[in-house]
Amino acid sequence: MPAMKVRLLFFAVLRDITGADARELVLAEGTTARDVWQSLRGELPKLADYVQPPMIAVNETYAEPETVLREGDELAFIPPVAGG
Amino acid sequence: MYLTDDPIDTRALLARVLRSSDGAYVLFEGVVRNHHEGHAVESIFYDAYRPMAEKEIDAIVRDIAARHPDVALAVVHRLGHLVVGDSSIAIVAAAPHRAEAFEAARMMIDRIKETVPIWKKERGPSGEEWLGWQGSGRC
């Protein structure tokens, strides 16, 4: 199956949980943002309770969980924002 | 640039927007307080998805400017480690008349809190916590 590279960014609580700023993912074509979240949940017990992903950004723009990722995309899960 | 790692210079911000036709300006500053939901707070670490936060704030500024064409706006949000009393955000809304200045400044802070990817981790005597993460960010 064709593969693609996607850069996954971690911020705030997700950076603390994963211990990383970012990861390079190699994904099967057709993978959605939600699929990536479910994979993270499977890997990280602290995320196990979060069945629904937080807000999602693809290439610095808010996107739906069902967004199909593309080669070279930059994906970020956006925990509840708290600016101001 | 709407984000800074340095203390906010509100005079410089005001100087950027105030016009001789303005009859009023509203300066809003958010400051770090020493408590949150019963916990003592000593400091806050602000994190951001910087390029996206810049874009989101810019979109908000443009939208408010379109709704209030007579208002001149400026905003800066500070990131990094802030202590009690430090300003985390400053907004200036200048207008020929006060009503629009108040309205635009209020709309700006409300909208920034809703969508801009900025996060805060509160630190106090009882530990640290990322706000909004349903308690599990507490460590």
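Residues numbered from 1 in each chain as written. Chains lettered and ligands numbered in written order. Predicted model: local features only at pLDDT ≥ 70, side-chain atom pairs only at ≥ 80, totals over all residues.

A.B. asks: Teacher, can you tell me more about the overall build of chain A here?
C.D. replies: Assigned secondary structure in chain A consists of 2 helices and 5 strands. Walking chain A from its N terminus toward its C terminus, one meets helices and strands in the order β-α-β-α-β-β-β. On C-alpha atoms alone, chain A measures out to a radius of gyration of 12 Å, which is about the 12 Å that the 2.2 N^0.38 rule sets for 84 residues. Judged by the C-alpha coordinates and their principal axes, chain A covers about 40 × 30 × 20 Å. (Helix = DSSP H or I, 4+ residues; strand = E, 2+ residues; numbered from the N terminus. Rg over C-alpha atoms; globule rule 2.2 N^0.38 Å.)

A.B. asks: What's the story with the overall build of chain B in this structure? I'm lost.
C.D. replies: When helices and strands are counted, chain B shows 3 helices and 10 strands. The order of α-helices and β-strands along chain B, N terminus first, is β-α-β-β-β-β-α-β-β-β-α-β-β. A compact globule built from 139 residues should have a C-alpha radius of gyration of about 14 Å, and chain B, at 16 Å, falls within 12% of that. C-alpha extents for chain B along the principal axes are approximately 50 × 25 × 25 Å.

A.B. asks: Which parts of the structure should I look at to understand the interface of chain A and chain B?
C.D. replies: Accessible area lost upon the coming together of the parts is a frequently used measure of interface size. In this assembly, 15 residues from chain A lie in contact with 24 residues from chain B. Every element with two or more residues in the side of chain A that touches chain B is listed here: α1 (12-18) and β5 (74-78) of chain A. Among the residues forming the side of chain A that touches chain B, the class breakdown is 11 nonpolar, 2 polar and 2 charged. (Contact = placed C-beta atoms within 7 Å. Nonpolar A, V, L, I, M, F, W, Y, C, P; charged D, E, K, R; others polar.)

A.B. asks: What's the story with the sheet that holds strand β7 (residues 80-83) of chain B in this structure? I'm lost.
C.D. replies: Backbone hydrogen bonds are what pair the strands of a sheet, in a parallel or an antiparallel way. All names here are of chain B. Spatial strand order, β7-β5-β9-β10: 4 strands in an open sheet with antiparallel pairing. Two strands close off the open sheet at either side, each with one partner strand: β7 and β10 (127-130). Each strand of the sheet is rotated relative to its neighbour by a mean of 20°, with strand direction disregarded. Relative to β10, strand β9 (residues 118-124) runs antiparallel, the two sharing 4 bridges. (Pairing = 2+ DSSP bridges. Axes fitted to C-alpha atoms, helices over the stretch in contact; angles between N-to-C directions.)

A.B. asks: Before we go on, may I ask you to explain helix α2 (residues 50-67) of chain B in this structure?
C.D. replies: Residues spaced three or four apart along an α-helix face the same direction, because each turn holds 3.6 residues. Taking 1.5 Å of rise per residue, the 18 residues of α2(B) would be expected to cover 26 Å, and the 26 Å separating its terminal C-alpha atoms lies within 8% of that figure. Within the span of α2(B), buried status applies to Met52(B), Ala53(B), Glu56(B), Ile57(B) and Ile60(B). The arc that holds the buried residues of α2(B), viewed along the axis, is 130°, so those residues lie on one side. More than 90 degrees from the buried face of α2(B), the exposed residues found are Arg62(B) and Ala66(B). Here the buried face of α2(B) lies against β3 (55-58) of chain A together with β1 (3-4), β5 (43-48), β6 (72-78), α3 (98-115) and β9 of chain B. (Expected span 1.5 Å × (residues − 1). Buried ≥ 20, exposed ≤ 12 C-beta atoms within 10 Å, placed from the backbone. Arc of directions from axis to C-beta.)

A.B. asks: Just to check I follow, could you spell out the sheet that holds strand β2 (residues 22-28) of chain A for this structure?
C.D. replies: All names here are of chain A. Spatial strand order, β2-β1-β5-β3-β4: 5 strands in an open sheet with mixed pairing. Unpaired on one side and paired on the other, β2 and β4 (61-63) mark the two borders of the sheet. Ignoring strand direction, the axes of neighbouring strands in this sheet form an average angle of 35°. Pairing analysis gives 7 bridges linking strand β1 (residues 3-9) to β2, with the strands arranged antiparallel. Counterpart to Met4 in the pairing with β2 is Leu27. Strands in contact with helix α2 (residues 33-43) are β1, β2, β3, β4 and β5; relative to β5, the strand with the most contacts, it is inclined by about 65°.

A.B. asks: What should I look at first to understand the nonpolar core in this one?
C.D. replies: One recurring pattern in soluble globular proteins is that nonpolar side chains are buried together. Residues and elements named next belong to chain B. Among the nonpolar cores identified, the biggest contains 57 residues, and Val71, Leu73, Val75, Ile91, Ala93, Met108 and Ile118 are the most heavily contacted of them. Considering each element in turn, this core owes the most residues, 7 residues, to strand β8 (residues 87-95). If we skip the residues at most four places from it in the chain, Val71 touches Ala65, Ala93, Ala94, Ala95, Glu100, Ala101 and Ala104. (Core = buried A, V, L, I, M, F, W, Y, C linked by C-beta atoms within 7 Å.)

A.B. asks: Looking at this structure, how should I read unusual backbone geometry?
C.D. replies: A negative phi angle is the norm for most residues apart from glycine, just as the trans form is the norm for most peptide bonds. Residue and element names in this part refer to chain A. A positive phi angle, near 50°, is found at Ala12, a position not held by glycine. Relative to the helices and strands, Ala12 is located in helix α1. You will see that Glu60, though not glycine, has its phi angle at about 70°, which is positive. Mapped onto the elements, Glu60 comes out in the loop between β3 and β4.

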